[in-house]
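The lines below spell out each chain.
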Amino acid sequence: MDYVSALVPPVVMAVFFIGVVRVIVKTQGGAAKSREDAAVDAAVARTESASRTAPGDA
């Protein structure tokens, strides 16, 4: 029965990992995708505009 106790932790961790990956894949896209993309685009635009107006560039 030692082999059973040796195999249980890796099997449990593998099942948990597969579950986490499935949740991540399922939550990509969907209704909030455009809102998330817009937030990232706004953050990139702020960063780019801040770097353009940095002191010493003028």
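This is a predicted model, so every value here is computed, not measured.

Caption draft 1: How the structure looks around the overall build of the chain. Within the chain, the regular secondary structure consists of two helices and zero strands. For the chain, the C-alpha radius of gyration of 23 Å lies well beyond 10 Å, the compact-globule estimate for 58 residues. If one aligns the C-alpha atoms of the chain with their principal axes, the spans along those axes are about 75 × 30 × 5 Å. The buried share of the chain, reckoned over its 58 residues, is 0%. Summing over all exposed atoms, the chain offers an accessible surface of approximately 5,300 Å²; the carbon and sulfur share of this is 69%. Side-chain charges of the chain comprise 6 positive and 6 negative groups, with the mean position of each set lying 8 Å from the other.

Caption draft 2: The arrangement of a nonpolar patch on the surface in detail. Residues Met1, Tyr3, Val4, Leu7, Val8, Val11, Val12 and Val15 make up a contiguous nonpolar surface patch of roughly 820 Å² in combined accessible area. In this structure, valine 15 sits in helix H1 (residues 2-27). In this structure valine 15 comes out as exposed when scored by relative accessible area, which is 57%.

Caption draft 3: Structural context of the environment of glycine 30. In this fold, glycine 30 is placed in the loop between H1 and helix H2 (33-52). For the pair glycine 30 and methionine 13, spaced 17 residues apart in sequence, the C-alpha to C-alpha distance is 28 Å.

Caption draft 4: H1, seen in detail. Compared with the 38 Å implied by 1.5 Å per residue over 26 residues, the 39 Å span of H1 between its first and last C-alpha is a close match. Among the 26 residues that make up H1, zero are buried, leaving the element largely open to the surroundings. A positive phi of about 80° marks glycine 29, the residue just after H1.

Caption draft 5: Spatial organisation of the environment of arginine 46. Here arginine 46 is to be found in helix H2. As for arginine 46 and proline 9, which are separated by 37 residues in sequence, their C-alpha atoms are 46 Å apart.

About the thresholds
Residues numbered from 1 in each chain as written. Predicted model: local features only at pLDDT ≥ 70, side-chain atom pairs only at ≥ 80, totals over all residues. Heavy atoms only, no water. Helix = DSSP H or I, 4+ residues; strand = E, 2+ residues; numbered from the N terminus. Rg over C-alpha atoms; globule rule 2.2 N^0.38 Å. Buried < 20%, exposed > 50% of the residue type's maximum accessible area, 1.4 Å probe, protein only. Areas by Shrake-Rupley, 256 points an atom, 1.4 Å probe, with all protein chains shown as cover. Lys, Arg positive; Asp, Glu negative; His and termini not counted. Charge placed at Lys NZ, Arg CZ, Asp CG, Glu CD. Patch = residues over 30% accessible without salt bridge, like charges linked within 9 Å, V, L, I, M, F, W, Y side chains within 5 Å. Salt bridge = Lys/Arg side-chain N within 4 Å of Asp/Glu carboxyl O. Expected span 1.5 Å × (residues − 1).

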